Amino acid sequence: MLPATFKLCAAISYRHLRNMTGLRRQAAVAISQELSKLACRGTGPSTWINQVRRRSSLLSSRLEEKPFSEMEMSYIKQGEEALQKSLSILGDQDGWKTETVVDNGDKVLSKVLPDVGKVFRLEVVVDQPLDAVYSELVDNMEQMGDWNPNVKEVKILQKIGKDTMITHEKAAATPGNIVGPRDFVSVRCSKRRGSTCVLAGMSTKYGAMPEQEGFIRAENGPTCMILRPLSGSPSQTKLIWLLSIDLKGWLPKTIINQVLSQTQVDFANHLRERLARTVAVNC
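Rules and cut-offs
- Residues numbered from 1 in each chain as written.
- Predicted model: local features only at pLDDT ≥ 70, side-chain atom pairs only at ≥ 80, totals over all residues.
- Heavy atoms only, no water.
- Salt bridge = Lys/Arg side-chain N within 4 Å of Asp/Glu carboxyl O.
- Buried < 20%, exposed > 50% of the residue type's maximum accessible area, 1.4 Å probe, protein only.
- Helix = DSSP H or I, 4+ residues; strand = E, 2+ residues; numbered from the N terminus.
- Pairing = 2+ DSSP bridges.
- Phe/Tyr/Trp six-rings, centres within 6.5 Å; stacked < 30°, edge-to-face > 60°.
- Lys NZ or Arg CZ within 6 Å of the ring centre and 35° of its normal.
- 1 Å grid on protein atoms, 1.4 Å probe; cavity = no way out; pocket = protein on both sides within 12 Å on 5 of 7 lines; lining within 4 Å.
- Points joined across faces, edges and corners; volume = space filled by probe spheres on them.
- Nonpolar A, V, L, I, M, F, W, Y, C, P; charged D, E, K, R; others polar.
- Expected span 1.5 Å × (residues − 1).
- Arc of directions from axis to C-beta.

Draft legend 1. Fine view of the pattern of salt bridges. Under the defined criterion, the tally for this structure stands at 16 salt bridges. Taking the shortest distance from any N to any O, the salt bridge between Glu 123 and Arg 121 comes out at 2.7 Å. Overall, the relative accessible area of 13% leaves Glu 123 in the buried class. Here Lys 248 ties to Asp 246 by a salt bridge, and the two come within 3.2 Å at their closest N and O atoms.

Draft legend 2. Structural view of unusual backbone geometry. A cis geometry characterises the amide bond from Gly 221 onward to Pro 222, with omega recorded as 0 degrees. For Pro 222, the location among the structural elements is in the loop between β9 (219-220) and β10 (223-230).

Draft legend 3. Quick look at the pairing of β10. For strand β7 (residues 196-203) and β10, the ladder comprises five bridges, and the chain directions are antiparallel. Paired with Ala 200 across the strands is Cys 224, a residue of β10. Looking at chain direction, β10 and strand β11 (residues 233-243) are connected through seven bridges and run antiparallel. Opposite Leu 230, over in β11, you have Ser 233 as the bridge partner. Remark: two residues form the turn of the hairpin made by β10 and β11, two consecutive strands paired antiparallel; Gly 232 in that turn has positive phi of roughly 85 degrees.

Draft legend 4. Up close: the packing of aromatic side chains. Applying the stated criterion across every chain yields a total of three aromatic pairs. Judged by centre distance (6.2 Å) and plane angle (45 degrees), the ring pair of Tyr 75 and Tyr 206 falls under tilted. In this pair, Tyr 75 is assigned in helix α4 (residues 70-91) and Tyr 206 in the loop between β7 and β8 (216-217), connecting sequence segments 131 residues apart. Tyr 206 sits in the buried class, given a relative accessible area of 18%. Taken together, the aromatic side chains of Trp 147, Trp 241 and Phe 267 make up a single cluster linked through ring pairs. The cationic tip of Arg 121 hangs over the ring face of Trp 96; the distance from NZ or CZ to the ring centre is 5.3 Å.

Draft legend 5. Seen up close, the layout of surface pockets. Its volume calculated, the largest pocket comes out at about 1000 Å³. Around the largest pocket, the lining comprises 45 residues; the ones closest to its centre are Glu 169, Trp 241, Leu 243, Ile 245 and Thr 263. When residues of the lining of the largest pocket are traced back to their parent elements, those giving at least two are α5 (130-139), β5 (164-171), β6 (182-193), β7, β10, β11 and α7 (253-282). Looking at which element gives the most residues to the lining of the largest pocket, the answer is α7, with eight residues. Of the residues in the lining of the largest pocket, the class split is 28 nonpolar, 12 polar and five charged. By volume, the second largest pocket amounts to about 660 Å³. Lining the second largest pocket are 29 residues, and of these Glu 219, Ile 245, Asp 246, Leu 247 and Lys 248 lie nearest its centre. Those elements that provide at least two residues to the lining of the second largest pocket are β3 (117-126), β7, β9, β12 (245-246) and α7. Broken down by class, the residue content of the lining of the second largest pocket amounts to 13 nonpolar, eight polar and eight charged.

Draft legend 6. How the structure looks around α4. Over its 22 residues, α4 extends 31 Å from the first C-alpha to the last, a length consistent with the 32 Å expected when each residue adds 1.5 Å. Listing the buried residues of α4 in full gives Glu 72, Tyr 75, Ile 76, Gly 79, Ala 82, Leu 83, Ser 86, Ile 89 and Leu 90. An end-on view of α4 places all buried positions within 160 degrees of arc, on one side of the element. In α4, the exposed positions that point more than 90 degrees away from the buried face belong to Glu 70, Lys 77, Ser 88 and Gly 91.

Draft legend 7. The arrangement of the pairing of β11 in detail. When β3 meets β11, the two strands line up antiparallel, connected through seven bridges. Among the inter-strand pairings, Leu 122 is bridged to a residue of β11, identified as Trp 241.

Taken by themselves, the reported measurements are silent on function.
Pasting the structure below:
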């Protein structure tokens, strides 16, 4: 009786395949094949009901997905490349030199890469759980200008799926206007796997956001932030930030190095202050 029911379901699913394309067709084919396999096994009632429920849920989720355009796929690929390249840089422990060490343990390291230039690595511990840090840096990204004086504005231009977005960021002028107004257009990719979060990005071209008057279009990337609970203390978060920026224009390297390393130290302090205020408000 049960195998016959499965065969009927599989046959019905097959007839509907002719009216489907793209992801819908692929999902339906997968479900139809699984139903046919179950029919041959002759599984018991409780087993096959659970199997159908799981596969129906899978089919529903896949049917809701929209196929990406060629341009969207190129942005997704850029985000993935930024993520992989950033992790590769951070994974190589050789050649890092200390730039700054703060009394609270925050430190900035740097090294020069042949194909990238000088990159900076911030390592800090934040006295807040990972979810709070992640929410502030990802979910509330557009509010960064409210608490980080080095950022004038962050705007999400386009979201692509659940992991990728295009952003426009305006950097605030440095004290004394040593570094004039810069802006960035970036593709960003966020991945969360268990207790580790990776936020990566790099500069990209976006037709709807050409160069802005009064700003020099700088470039960044690969850049990346890694968040994970501090070992032995899940209420704290270890944050590692890989920073790679080409500010463009004529600027002495000594000034660039000083500005970028200080920017990372300042970021950690401003983030702590923001999270402390947020926790106080929510209590």
